[in-house]
Structures are given as C-alpha cells and as structure tokens.
Amino acid sequence: MAAYAERGGEDVELWSVTGLLHDADYERFPDMDDEEKGHPRSIMAELEKRDAPPEMVRAIAAHAPYLDVEPETPMERTLVAVDELCGFLVACAAVRPEGINGLSAKSVKKKLKQPSFAAAVNREEVRHGAEKLGMDFDEHVAFVVAALESRADELELHGRDAA
Ligand SMILES: [Fe+2]
C-alpha cells in the first residue's frame, strides 16, 4: 500500500495504516455472516468511534465483497489488488531458500496454477487485482514483489539463506 501510494503521489500514511488495519479484527471475529461484529465490521466500528478518516473506513468495507461496497477510489482498488496477492507472495517466499528476493512474475504464475499451493488464496481475486488497477498482471506482481523486497528485513522475508 505504501509503495503504490508513493507511486501515485497519494497519502502514504493513510494508505499504509489502512493496509495495516484492514484485517485487524479478523482473528477475533472471523465469521463474515455475523452481521453485527463479523470481520471487518468490528474494526470499522472501532475506527469510526475513534474518528478515523471516513475514506479509511470505506476502503476497509470495500475489501469485503459481501458488504456490497464497490471499490472505487484508487486506495480502495489498490487494497483489493494487493490483499490476496501479498498473502500469496509471502507463501511463495516461505518455500524459497532466497525468500522474496528475486521472485519472478513467471514463477508466481506457475505457483498460481498449482491449486494445492496456498490453497486458501483466492486465485480469481489475485488475477482481477491487476485489472482493477488497469495494470498488466506481470507488472503488478513485479511491483508488489519489489515493495515487499524493500521491506524484507522487517517482514522477515529473506528466506533460509539469510539465517
Ligand atoms: Fe479481510
């Protein structure tokens, strides 16, 4: 989120914090059918209570398709585009000795075709992400890999080679 905000000349802090918080209630309230508290309603309510920027709350709503808030703004579309992809890239990094370093779009696509690998990641969502940003899929993947690579220390994505 920070990398895309920077690239588009947007508010890096707003985008970063939105990315950090969008799933903050997931572990406690994973039941999306719970219309009162189910993810992400709890974190949205909490942020509203704390006078968080409305665009942050709306973006968090828009990343949950079942809330019927269509992702419209660049921040909303970007959150959807990077959410599942980041999870998938972290899974790819975890099985490579070199971690995230040098991970290519080609090998990401190969992994996407293996249904058993990181099976919880929604492939459709990963593929549609780039479209929502109006970007070529490979370019989008390469951009997000580079963003994760630049923070590989704090995200512990250097792989076994680093140990
Ligand atoms: Fe979520």
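A few points on the structure. (Residues numbered from 1 in each chain as written. Predicted model: local features only at pLDDT ≥ 70, side-chain atom pairs only at ≥ 80, totals over all residues. Heavy atoms only, no water.)

1. Observations concerning the packing of aromatic side chains
If you walk through the whole model with that rule in mind, you get 2 aromatic pairs. Ring centres of phenylalanine 88 and phenylalanine 117 lie 5.6 Å apart, and the angle between their planes is 90°; this geometry places the pair in the edge-to-face category. Separated by 29 residues along the polypeptide, phenylalanine 88 in helix 5 (residues 74-94) and phenylalanine 117 in the loop between helix 6 (105-112) and helix 7 (123-133) bring together distant segments of the chain. The ring of phenylalanine 117 is capped by lysine 111, whose NZ or CZ atom sits 4.8 Å from the centre of that ring. (Phe/Tyr/Trp six-rings, centres within 6.5 Å; stacked < 30°, edge-to-face > 60°. Helix = DSSP H or I, 4+ residues; strand = E, 2+ residues; numbered from the N terminus. Lys NZ or Arg CZ within 6 Å of the ring centre and 35° of its normal.)

2. As for the pattern of salt bridges
Any two side chains of opposite charge can pair, so long as their charged atoms come close to each other. As enumerated under the stated definition, the model contains 8 salt bridges in all. Arginine 50 is the salt-bridge partner of glutamate 46, the closest N and O atoms lying 2.7 Å from each other. Exposure remark for arginine 50: the relative accessible area of 62% places this residue in the exposed category. Salt bridges sharing partners connect three or more residues here, namely Glu46, Lys49 and Arg50. (Salt bridge = Lys/Arg side-chain N within 4 Å of Asp/Glu carboxyl O. Buried < 20%, exposed > 50% of the residue type's maximum accessible area, 1.4 Å probe, protein only.)

3. Some details on a negative patch on the surface
A contiguous patch of negative charge on the surface is contributed by Glu10, Asp11, Glu13 and Glu55. Here glutamate 13 lies in helix 2 (residues 12-21). (Patch = residues over 30% accessible without salt bridge, like charges linked within 9 Å, V, L, I, M, F, W, Y side chains within 5 Å. Areas by Shrake-Rupley, 256 points an atom, 1.4 Å probe, with all protein chains shown as cover. Lys, Arg positive; Asp, Glu negative; His and termini not counted. Charge placed at Lys NZ, Arg CZ, Asp CG, Glu CD.)

4. Description of the environment of phenylalanine 88
The class for phenylalanine 88 is buried, based on a relative accessible area of 0%. In this structure the C-alpha to C-alpha distance between phenylalanine 88 and valine 108, which are 20 residues apart in sequence, comes to 8.5 Å. Excluding anything up to four places from it in sequence, phenylalanine 88 contacts Val108, Lys111, Leu112, Phe117, Ala118, Val121 and Arg123. (Contact = heavy atoms within 4.5 Å.)

5. Let's talk about the nonpolar core
Counting 40 residues, the largest nonpolar core has Leu89, Ile100 and Val141 as the members making the most contacts within it. Elements supplying a minimum of two residues to this core: helix 1 (2-7), helix 2, helix 3 (41-49), helix 4 (54-62), helix 5, helix 6, helix 7 and helix 8 (137-149). Counting residues per element, this core draws most heavily on helix 5, at 8 residues. Those residues within four positions of leucine 89 in sequence are excluded, and the remaining contacts are Ile100, Leu103, Val108, Val141, Val144, Val145 and Leu148. (Core = buried A, V, L, I, M, F, W, Y, C linked by side-chain atoms within 4.5 Å.)

6. So, the side chain of serine 42
With respect to the secondary-structure elements, serine 42 resides in helix 3. A relative accessible area of 16% means that serine 42 is categorised as buried. A polar side-chain atom of serine 42 sits 2.6 Å from the main-chain carbonyl oxygen of lysine 37. The contacts of serine 42, once residues within four sequence positions are left out, are Asp25, Phe29 and Lys37. (Polar contact = N/O pair within 3.5 Å; in protein donor to acceptor, adjacent residues only side chain to side chain.)

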